[in-house]
Amino acid sequence: MSDPMMPLPAVEAEPTSVPPAVLLANHLKALKLPSFVREYEKVAFEAAQDRADYPRYLLRLCELERIDRDRRMVERRIRMARFPHTKSFDTFDFAAQPSLNKALVLELARGEWIERRNNVIALGPSGTGKTHTALALGLAACQKGYSVAFTTAAAMVHDLMEARGERRLRGLQKHLAQVKLLILDELGYVPFTAVGGELLFEVLSQRYERASTLITSNLPFDEWTSLFGSERLTGALLDRLTHHVHILEMNGESFRLASSRKRQRDKGEAK
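Below, the structure is looked at part by part. (Residues numbered from 1 in each chain as written. Predicted model: local features only at pLDDT ≥ 70, side-chain atom pairs only at ≥ 80, totals over all residues. Heavy atoms only, no water.)

**Regarding the sheet that holds strand S1 (residues 119-123)**
Strand pairs in the sheet, formed through backbone hydrogen bonds, run parallel or antiparallel to each other. An order of S2-S3-S4-S1-S5 is seen for the 5 strands of this open sheet, with the pairing classed as parallel. Bordering the open sheet on either side are strand S2 (148-152) and strand S5 (245-249), each of which pairs with just one other strand. Each adjacent strand pair in this sheet contributes to an overall mean axis angle of 10°, direction not counted. Helix H9 (residues 194-206) rests against strand S3 (181-187) and strand S4 (212-217) of the sheet, and its axis sits at about 145° to S3. (Pairing = 2+ DSSP bridges. Helix = DSSP H or I, 4+ residues; strand = E, 2+ residues; numbered from the N terminus. Axes fitted to C-alpha atoms, helices over the stretch in contact; angles between N-to-C directions. Contact = heavy atoms within 4.5 Å.)

See below:
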């Protein structure tokens, strides 16, 4: 009977003709380290030139992988947000909207309000930059690591009604409750039914103090009853939305109208 403590005989590795570089590339791909695959030879050459030790060489590769992975995650969050356009504050004309609190907007772009589960409501007439502001804050949130969903109020109500009819409402509500920032654009532009208003109220109520919501609207708060058809429902909704809220007032001239007038002037001067 063999001794159970006796070491097993060594097994010699079978010789392989596969070059080490190919094996290394396969292992790095399996480990999902594409930056390692792409950069390890170049970084090894630079490390040799600088006489860097192995830890510094690995550190540099890890830094490149981390940067690339963060970039891919931001791109993925932007795709998942379904923005109609990608906009930032670099192209926003704050001077044309003196009623807008620029300091507050730039503070919101840091994303801490999302961590605190606060809300933002942008109010003002059409063309004053509400959607641009919402898109820019959504982009900033993606860059800060938050999940974002962008939709119009009309599209949201349509999706909720459709999901209700197809018996998948609960799944959609669960998804909308989990996203860190829900952007609801153009509330008040298109009316919806009483049932649609109740479904929208339920979504926003489920997010109360659990996640952040950003709403843009051309209507002041005292006219929201015309949307939901019920003073009780509207009051309950506003009570939740405005409990922890930042209000952005945008009452300047329409960007589109100002741009149209400028084009007309330029045409007249060119004649």
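**Topic: the packing of helix H3 (residues 54-81) against helix H6 (residues 130-143)**
Between H3 and H6, the shortest axis-to-axis distance is 8 Å and the interhelical angle comes to 140°. Taken together, the axis directions place H3 and H6 in an arrangement best described as oblique. Crossing geometry of H3 relative to H6 is assigned as right-handed. Each of Val74, Arg77, Ile78 and Ala81 in H3 lies in contact with H6, whose residues at this interface are Leu139, Cys142 and Gln143. Here the residues of the contact of H3 with H6 are counted per class, giving 5 nonpolar, 1 polar and 1 charged. (Parallel < 35°, antiparallel > 145°, perpendicular 65-115°, else oblique. Left-handed = near helix turned anticlockwise from the far one by under 90°. Nonpolar A, V, L, I, M, F, W, Y, C, P; charged D, E, K, R; others polar.)

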